[in-house]
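Here is what each chain is made of, one letter per residue.
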Amino acid sequence: MPARIVVLVSGAGSNLQALLDADQHAFQIVGVVADRPEAQGLVRARSRDIPTLVVDPRDFPDRSAWDAALAHGIADWSPDWVVCAGFMRILGGAVLSAFSQRIVNTHPALLPAFPGAHGVRDALDYGVRVTGCTVHLIDAGVDTGPILGQAAVDVGTDDDVEAVHERIKVVERRLLVDIVTRLCSEGCTVDGRRVTIP
Ligand code: GAR
């Protein structure tokens, strides 16, 4: 049986598209959640008849009510894994405890450098010559969870944020699909910060 995954998106959803286009022998995308109704990822999911859900913080009185609704919405699909693919919000305790060590995130920088919402811009502002992406398990911190895989890209002296982010996304989509496929077929063991996919 393929593993059941729920994908969380906020924006364009090109990483979601890569998962949709992948050979899904190891996993099945059973639902897509967005934090905003305008997220293009929702359109991509609907075009494949995948159920979608919007859990918009603006519809809730506070962050913990939003977090609880998000946890319930994801749990309704009984996923084995949750994948944050460009989800631009910090998950709360309800989601983290419901899916402990089963939530994957992709981040556009080589963690632990440049965590947060502006990883590409921060790396360029620092003047790095190499950056990339990191796929990791989510823990209670911001982009601090154990690392599953990384891929590097070079930065040219004339590169701007947009060009570097597009270059990162090319390797990021490949890395995310590879890691999600392996996790879904083999699982993983976590020992402190070290993760092993058999
Ligand atoms: C990706 O590059 C992802 O790493 C980044 O947003 C982009 C989403 O692209 N996520 C973060 O910055 C999270 N802090 P997509 O919507 O085309 O998949």
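Shown above is the structure to which this text applies.
Conventions adopted
- Residues numbered from 1 in each chain as written.
- Predicted model: local features only at pLDDT ≥ 70, side-chain atom pairs only at ≥ 80, totals over all residues.
- Heavy atoms only, no water.
- Helix = DSSP H or I, 4+ residues; strand = E, 2+ residues; numbered from the N terminus.
- Buried < 20%, exposed > 50% of the residue type's maximum accessible area, 1.4 Å probe, protein only.
- Lys, Arg positive; Asp, Glu negative; His and termini not counted.
- Salt bridge = Lys/Arg side-chain N within 4 Å of Asp/Glu carboxyl O.
- Phe/Tyr/Trp six-rings, centres within 6.5 Å; stacked < 30°, edge-to-face > 60°.
- Near = heavy atom within 4 Å.
- Polar contact = N/O pair within 3.5 Å; in protein donor to acceptor, adjacent residues only side chain to side chain.
- Areas by Shrake-Rupley, 256 points an atom, 1.4 Å probe, with all protein chains shown as cover.
- Nonpolar A, V, L, I, M, F, W, Y, C, P; charged D, E, K, R; others polar.
- Axes fitted to C-alpha atoms, helices over the stretch in contact; angles between N-to-C directions.
- Parallel < 35°, antiparallel > 145°, perpendicular 65-115°, else oblique.
- Left-handed = near helix turned anticlockwise from the far one by under 90°.
- Contact = heavy atoms within 4.5 Å.
- Expected span 1.5 Å × (residues − 1).
- Bend = angle between axes of the 7 residues up to and from the residue.
- Pairing = 2+ DSSP bridges.

A.B. asks: Give me the lowdown on the side chain of glutamate 172, citing residues and values where you can.
C.D. replies: Here glutamate 172 lies in helix α6 (residues 161-186). The buried charged residue glutamate 172 lacks any salt bridge, with lysine 169 as its nearest oppositely charged partner at 6.2 Å.

A.B. asks: Provide a residue-level description of the packing of aromatic side chains, including the pertinent values.
C.D. replies: What the rule picks out here adds up to 2 aromatic pairs. Taking the centre distance of 6.5 Å and the plane angle of 10 degrees together, the rings of tryptophan 66 and phenylalanine 87 count as stacked. With tryptophan 66 in helix α3 (residues 63-75) and phenylalanine 87 in the loop between β4 (81-84) and α4 (93-98), this pair connects stretches of sequence that are 21 residues apart. Neither residue differs from the other here; tryptophan 66 and phenylalanine 87 are each classed as buried.

A.B. asks: Just give me the short version of the site of the ligand, but keep the residues and values in it.
C.D. replies: If you check the shell around the ligand, you find 14 residues, and the closest are Gly13, Ser14, His165, Lys169 and Glu172. Between the ligand and threonine 106, the relevant distance is 3.3 Å, taken from an oxygen atom to a main-chain nitrogen or oxygen of the residue. Between the ligand and proline 108 there is a distance of 3.4 Å, counted from an oxygen atom to a backbone nitrogen or oxygen. Contact with the protein chains hides 92% of the accessible area of the ligand, taken as 460 Å² for the molecule alone. Across the shell around the ligand, the residue classes break down as 3 nonpolar, 9 polar and 2 charged.

A.B. asks: So what's going on with the packing of helix α5 (residues 119-126) against α6? Residues and values would help.
C.D. replies: Axis separation between α5 and α6 bottoms out at 10 Å; the angle between their running directions is 120 degrees. Taken together, the axis directions place α5 and α6 in an arrangement best described as oblique. The interaxial crossing formed by α5 with α6 has right-handed handedness. Between α5, through Val120, Arg121 and Leu124, and α6, the contact on the second element is made entirely by Val161, Val164, His165 and Ile168. For the contact of α5 with α6, a count of residues per class yields 5 nonpolar, 1 polar and 1 charged.

A.B. asks: Mind laying out the pattern of salt bridges, listing which residues take part and the relevant values?
C.D. replies: This model, assessed by the stated rule, comprises 7 salt bridges. A salt bridge links arginine 58 to aspartate 56; the shortest N-O distance between them is 2.7 Å. Residue classification places arginine 58 among the exposed residues on the basis of a relative accessible area of 62%. Residue aspartate 56 is classed as buried on the basis of its relative accessible area of 5%.

A.B. asks: Help me get a handle on α6, residues and values and all.
C.D. replies: Under the 1.5 Å per step criterion, the end-to-end length of α6 is 36 Å for 26 residues, consistent within 8% with the ideal 38 Å. Valine 171 marks where α6 bends most, by close to 25 degrees. After α6 finishes, the residue glycine 187 shows a positive phi value of roughly 75 degrees.

A.B. asks: Describe the sheet that holds strand β7 (residues 147-154), naming the residues involved and giving the relevant values.
C.D. replies: Reading across the sheet, the 7 strands line up as β3-β2-β1-β4-β5-β6-β7 and stay open at both edges, with mixed pairing between neighbours. A strand with exactly one partner marks an edge of an open sheet, and here the two such strands are β3 (52-54) and β7. Sheet twist, expressed as the mean angle between neighbouring strand axes with direction ignored, is 20 degrees. The pairing of strand β6 (residues 130-137) with β7 spans 7 bridges and is classified as antiparallel. Looking across to β7, one finds that valine 130 is bridged to aspartate 154. Relative to strand β2 (residues 27-34), helix α1 (residues 14-21) is tilted by about 160 degrees, and along the sheet it contacts β1 (3-9), β2 and β4. Packed onto the sheet, α6 meets β1, β2, β4, β5 (103-107), β6 and β7 and runs at close to 155 degrees relative to β7.

Nothing here speaks to function; it is all geometry.
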